[in-house]
Amino acid sequence: MSLERINPPELSPATGFSHAVAATGSRLVFLAGQTALDGAGKVVGESLPEQFERALSNLLAALAKAGGAPADLARVTVYAVDVAAYRDCAGELGRIWQRLAGRDYPAMAVIGVVRLWDEQALLELDGVAVLP
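Residues numbered from 1 in each chain as written. Predicted model: local features only at pLDDT ≥ 70, side-chain atom pairs only at ≥ 80, totals over all residues. Heavy atoms only, no water.

## Quick word on the side chain of Ser18
Tracing the backbone through its elements, the reader meets Ser18 in the loop between β1 (2-6) and β2 (20-24). Among the polar contacts listed, one links the side chain of Ser18 to the backbone oxygen of Tyr105, at a separation of 2.8 Å. (Helix = DSSP H or I, 4+ residues; strand = E, 2+ residues; numbered from the N terminus. Polar contact = N/O pair within 3.5 Å; in protein donor to acceptor, adjacent residues only side chain to side chain.)

Put into C-alpha cells, the structure is as follows:
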C-alpha cells in the first residue's frame, strides 16, 4: 500500500492538507463521522480545539481498530458549525493534528454546516483510508 501526496507548485501552498492523494492498496476503510463524543455518548469539550482533539482521536481509534494508522488516511472531511472560528483556530488545530496524526496530511475539505446530529458538537470528521 502506498499513498502519494500530490501538491503541484502552480497551486497555492498546501498547508494542513494535500491537494491530491493517489492511493494504491487492497483495502479501503470508510470512517464514519466522529464528533467529540466520549464512551458514554456525551459531547466533551467546550472549545473548538478541545472538540477537534476528541473527534480526531475518535476517528483515529476507529481507524486503528480496522488495522490502519494515521499515515493511511487518504481523505478527511471536516464539517464545521462555524467556519470562521475553525479558521481562527487553524494553527492550534494543526498542532493537534501533528501531535496525534503526524505531519502527513490527507486530501481535506472543510464544509460549513448549520448544525450536527449532536447539537453541542462544533465539528465532525469523517474519512477514507487505504490499507495494504
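Next, the rest of the story.
## Quick notes on helix α1 (residues 48-65)
An ideal rise of 1.5 Å per residue puts 26 Å on 18 residues; α1 measures up with 26 Å between its terminal C-alpha atoms. The complete set of buried residues in α1 reads Leu48, Pro49, Gln51, Phe52, Ala55, Leu56, Asn58, Leu59, Leu60 and Leu63. On its buried side, α1 packs onto β3 (27-34), β4 (73-80), α2 (83-88), α3 (90-101) and β6 (123-131). Looking one or two residues beyond α1, the residue adopting positive phi is Gly67, at roughly 95 degrees. (Expected span 1.5 Å × (residues − 1). Buried < 20%, exposed > 50% of the residue type's maximum accessible area, 1.4 Å probe, protein only. Contact = heavy atoms within 4.5 Å.)

## Let's talk about the sheet that holds β6
Pairing is mixed across the open sheet formed by four strands, whose spatial order is β3-β6-β4-β5. Looking at strand neighbours, the two that pair on one side only are β3 and β5 (107-112), the edges of this open sheet. Averaged over neighbouring strand pairs, the angle between their axes works out to 10 degrees when direction is ignored. Pairing analysis gives six bridges linking β4 to β5, with the strands arranged parallel. Bridge pairing links Tyr79 to Ile111 in β5. (Pairing = 2+ DSSP bridges. Axes fitted to C-alpha atoms, helices over the stretch in contact; angles between N-to-C directions.)

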